[in-house]
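Below, each chain spelled out in residue letters.
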Amino acid sequence: MLPDNVPADLAQPTHAGPLATAQTQLAGAIERLGYDAGMHAMLATPRREINVAIPLRRDDGRTELFHGFRVQHNVSRGPGKGGLRFHPSVDVDEVRALAMWMTWKCAVVELPYGGAKGGVAIDPRLYSQGELERVTRRYTSEIMPMIGPERDIMAPDIGTDAQTMAWVMDTYSVNKGYTIPGVVTGKPLEVGGSLGRATATSRGVVHASRAAIGEAGLELSDVRVAIQGFGKVGSNAAVFFAEGGARVEAVSDEYGGVHRSGGLDVPRLMDHVRDTGSVVDFDGGDPIDNAALLTLDVDVLVPAAVEGVISSQNAADVKARWVVEAANGPTTAKADAALAERGTVVVPDILANAGGVIVSYFEWVQAQQAYWWTEVEIEQRLEERMLHAYSAVAEISRREKVSLRDGALLLSVQRVAGAHRTRGLYP
Ligand code: NAD
């Protein structure tokens, strides 16, 4: 039981959506760890938030206004770390949830960071590069006091990319008067990016999948995979799964999907996406919609798009034995319980997609030292960290007889709470 004095909205959030999922997960870990209401409140509440209005001068001269957010959920183990999302459905609660997951993710893979996230409610597909540059620069200048290589470090997320990070870095650097590459990660190589960063999340997803199926004595060549979301993470995951010998039988994006029993020709699919901007109409398979992809008869399901796609509505129909969460928060708390009951192994987001933040950390370390590692060094260190974190989580899950998600949360919440206790309260 939770202590009586835990505020009701922390113990049982009434709102739906990713924040409810994140708070329910935390409440479960707090209960299991026996922490008091004060620690629960500290871990449930963001340290700092900023809410900014971003006026944009459109190319045609009109002015449009957007809302942006940056949330630092926790900075007890180091500077805030987390992506910047451009998506029309961004709101402060989503950013809060994503920031909280970043705290646990950095702790579970032992990076010296807290958790943060940013977002702008904009559909980037509807704006020119020049307009996106102006939005990014204005957003950066509005949140300037909160960010920096020792305060809060941004990275790409849905709807943003290496170019966006270059604009953030340039805006920040010009305002400070000198070049400060460490304020962002995931930036282009020519301005201090790291080899291997662009594909790190996807590589990590495949390392985590290999570790998970390995517990059942299987290898990549034994499994059929379906991937929802064919953006930066999903597309590269498809490439690495296929290179590892897995059969990637279905993929989708927001416009639709494609399916082929026996496996899609991933290199040819990548060419199609490069030419057309979508997996739809690829001639090497049959059309499939997003809902059907999630319940396909495959071994490994990789949600790599948005939150909440596996819910109580479809969890009972998920046939995959493993769900490897490349996306953040793709499984609602109720669906998670339903999957656990059916014996589906869920490799949780905070572990499965940590490859991106691991190589972001490597990029930040390299930028701080102005000394660059080789791609081989980066790939080796990424794999070591992913497999080490997987083993630690699997070990605690076995010991406590809980799911991998609960194991990962126990480990990370303990680490963050430990940092709070050791630092003490000021004043
Ligand atoms: P992206 O913008 O490059 O790609 C998103 C993909 O999802 C696109 O193919 C898009 O068409 C698809 N999509 C969007 N809405 C959809 C819907 N409703 N149904 C089906 N498909 C949909 O973004 P990304 O960087 O690949 O991020 C994907 C997920 O991975 C997000 O949850 C993100 O937070 C998470 N993640 C990303 C990184 C990273 O390094 N980029 C790191 C960790 C976690």
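How each quantity is defined
Counting restarts for each chain: residues are numbered from 1 in the order of the written sequence. With the structure being a predicted model, the display of local features is reserved for residues of pLDDT at least 70 and the display and counting of side-chain atom pairs for 80 or more, all residues being used for whole-chain, interface and lining totals. Heavy atoms throughout the structure, all of them, feed into the side-chain values; hydrogens and water do not. A run of DSSP states H or I qualifies as a helix once it reaches four residues; a run of E qualifies as a strand once it reaches two. Both are numbered from the N-terminal end. For this measure, only C-alpha atoms enter the radius of gyration; the expected value for a globule follows 2.2 Å times N^0.38, where N is the number of residues. Each residue is assigned to one of three classes by its accessible area relative to the maximum for its type, calculated with a 1.4 Å probe on protein chains only: buried under 20%, partly exposed between the two thresholds, exposed over 50%. Pairs of residues are marked as contacts when any of their non-hydrogen atoms sit within 4.5 Å. Note that accessible areas follow from Shrake-Rupley with a 1.4 Å probe, and for residues the cover is restricted to the protein chains shown. Throughout, near means a residue has at least one heavy atom within 4 Å of the molecule or strand. In protein, a polar contact means a hydrogen-donor-capable atom and an acceptor-capable atom, both N or O and within 3.5 Å, with residues adjacent in sequence counting only if both atoms are side-chain atoms; elsewhere, any N or O pair within 3.5 Å suffices. Under the convention adopted here, Pro, Cys and the residues Ala, Val, Leu, Ile, Met, Phe, Trp and Tyr are nonpolar, Asp, Glu, Lys and Arg are charged, and Gly plus all remaining residues are polar. If DSSP finds at least two bridges between two strands, the strands pair. Axes, fitted as lines to C-alpha atoms, cover a helix only where it is in contact. Angles between the N-to-C directions of the axes lie from 0 to 180 degrees. Domain delimitation follows an automatic or database domain assignment. By nonpolar core we mean a set of buried residues, namely Ala, Val, Leu, Ile, Met, Phe, Trp, Tyr and Cys, connected to one another through side-chain atoms within 4.5 Å. Note that the term roughly parallel is reserved for angles under 35 degrees, roughly antiparallel for angles over 145, roughly perpendicular for angles of 65 to 115, and oblique for everything else. The criterion for an aromatic pair is that two Phe, Tyr or Trp rings (for Trp, the six-membered ring) have centres within 6.5 Å, with stacked assigned to planes under 30 degrees apart, edge-to-face to planes over 60 apart and tilted to the rest. Lysine and arginine charges are scored as sitting over a ring when NZ or CZ, respectively, is within 6 Å of the ring centre and within 35 degrees of the ring normal. In this scheme the crossing of two helices becomes right-handed for a clockwise turn of the near helix relative to the far one and left-handed for an anticlockwise turn of less than a right angle. Handedness of a crossover is defined as follows: orient the strands so they point away from the viewer, and if the path from the first strand over the helix to the second runs clockwise, the crossover is right-handed. Expected span, for any helix, means 1.5 Å times one less than how many residues it has.

Draft legend 1. Fine view of the overall build of the chain. Scanning the chain from N- to C-terminus turns up 15 helices and 12 strands. At 21 Å, the chain has a C-alpha radius of gyration in line with the 22 Å of a compact globule built from 427 residues. When its C-alpha atoms are laid out on the principal axes, the chain stretches across 55 × 55 × 40 Å. Among the 427 residues that make up the chain, the fraction classed as buried is 58%. Residue pairs at least 24 apart in sequence account for 68% of intrachain contacts in the chain once pairs closer than 6 positions are excluded. When the accessible surface of the chain is totalled, it reaches about 17500 Å², and 50% of it is carbon and sulfur.

Draft legend 2. Inspection of the site of the ligand at higher detail. Residues in close proximity to the ligand total 22 residues, the closest being Asp-157, Thr-201, Lys-232, Glu-254 and Asn-328. Here an oxygen atom of the ligand sits 2.7 Å away from a polar atom, N or O, in the side chain of Asp-157. A distance of 3.2 Å separates an oxygen atom of the ligand from a polar backbone atom of Gly-159. Surface burial for the ligand is 85%, taken as the share of its 830 Å² of free accessible area covered by protein chains. Here the shell around the ligand is composed, by residue class, of eight nonpolar, eight polar and six charged.

Draft legend 3. Fine view of the sheet that holds strand S3 (residues 80–86). One open sheet holds the five strands; their spatial order is S1-S2-S4-S3-S5, and the pairing between them is mixed. Of all strands in the sheet, those with a lone pairing partner are strand S1 (48–57) and strand S5 (152–156), marking the two edges. When strand polarity is set aside, the average angle formed by the axes of neighbouring strands in this sheet is 20°. Against the sheet, helix H5 (residues 129–143) makes contact with S1, strand S2 (63–74), S3, strand S4 (115–120) and S5, and its axis sits at roughly 145° relative to S1, the strand it touches most.

Draft legend 4. Broad picture of the domain arrangement of the chain. Splitting the chain by domain gives domain 1 (1–45), domain 2 (46–180) and domain 3 (200–352). Each of domain 1 and domain 3 was reduced to a C-alpha centroid, and the two centroids are 30 Å apart.

Draft legend 5. Expanded view of the nonpolar core. Trp-104, Ile-227 and Phe-241 are the most contacted members of the largest nonpolar core, which has 86 residues in total. No other element matches helix H4 (residues 92–108), which puts nine residues into this core. If sequence neighbours within four positions are ignored, Trp-104 has contacts with Leu-26, Leu-43, His-73, Ile-350, Leu-409, Ser-412, Val-413 and Val-416. Core analysis: the next-biggest nonpolar cluster, separate from the first, contains 24 residues, Val-52, Val-168, Tyr-172 and Ile-180 among them.

Draft legend 6. The packing of helix H2 (residues 18–33) against helix H15 (residues 404–423), seen in detail. Direction vectors running N to C along H2 and H15 enclose 70°, while the axes themselves pass 9 Å from each other. Comparing their axes, H15 and H2 come out roughly perpendicular. Two secondary-structure elements touch here, H2 through Gln-25, Leu-26, Ala-29, Ile-30, Arg-32 and Leu-33 and H15 through Arg-405, Leu-409, Leu-410, Val-413 and Gln-414.

Draft legend 7. Examining the packing of aromatic side chains more closely. Applying the stated criterion to the full structure yields six aromatic pairs. Ring plane angle 90° and centroid distance 5.8 Å describe the contact between Tyr-113 and Tyr-361, whose orientation is recorded as edge-to-face. Taken together, the positions of Tyr-113 in the loop between H4 and S4 and Tyr-361 in helix H13 (residues 355–369) put the pair 248 residues apart, joining distant regions of the chain. When sorted by exposure, Tyr-113 lands in the same class as Tyr-361, which is buried. Site record: aromatic cluster; members linked through ring pairs are Tyr-113, Tyr-361, Phe-362, Trp-364 and Trp-373. For Arg-203, the ring lying beneath its charged end belongs to Phe-240, and the centroid distance is 4.1 Å. Between Arg-421 and the ring centre of Tyr-35, over which it is positioned, the NZ or CZ distance is 4.7 Å.

Draft legend 8. Spatial organisation of the sheet that holds strand S6 (residues 224–228). In spatial order, the strands read S9-S8-S7-S6-S10-S11-S12; together these seven strands make up an open sheet with mixed pairing. The two strands at the open ends of the sheet, each matched to only one other strand, are strand S9 (286–288) and strand S12 (345–347). Neighbour-to-neighbour, the strand axes of this sheet turn through a mean angle of 20°, independent of strand direction. Here four bridges tie strand S7 (residues 247–253) to strand S8 (residues 256–259), and the two strands are oriented antiparallel to one another. Bridging across to S8, Ser-252 finds its partner in Gly-257.

Draft legend 9. Inspection of the packing of H5 against helix H6 (residues 162–176) at higher detail. Here H5 crosses H6 at 45°, and the two axes come no closer than 9 Å. As far as their axial angle goes, H6 and H5 are oblique. Once H5 is placed against H6, the crossing between them reads as right-handed. The segment H5 lies against H6, with Gln-129, Leu-132, Glu-133, Thr-136, Arg-137, Thr-140 and Ser-141 engaging Gln-163, Thr-164, Trp-167, Val-168, Asp-170, Thr-171 and Tyr-172. Its residues assigned to classes, the contact of H5 with H6 shows four nonpolar, seven polar and three charged.

Draft legend 10. Molecular detail of the pairing of S3. Of all seven residues in S3, seven are buried, a share of seventy percent or more. Strand direction decides the pairing type here: S3 and S5, joined by five bridges, are parallel. The partner of Gly-82 across the bridge, within S5, is Met-154. Crossover handedness for the path S3 to H4 to S4: right-handed.

Draft legend 11. Local environment of H4. Compared with an ideal rise of 1.5 Å per residue, which puts 17 residues at 24 Å, H4 spans 24 Å between its outermost C-alpha atoms and is within 8% of the ideal. Counting buried residues in H4 gives 14 out of 17 residues, a clear majority hidden from the surface. One side-chain oxygen at the N-terminal end of H4 lies 3.2 Å from the backbone nitrogen of Asp-93; it belongs to Asp-91. In the segment just after H4, Glu-110 is the residue with positive phi, at about 60°.

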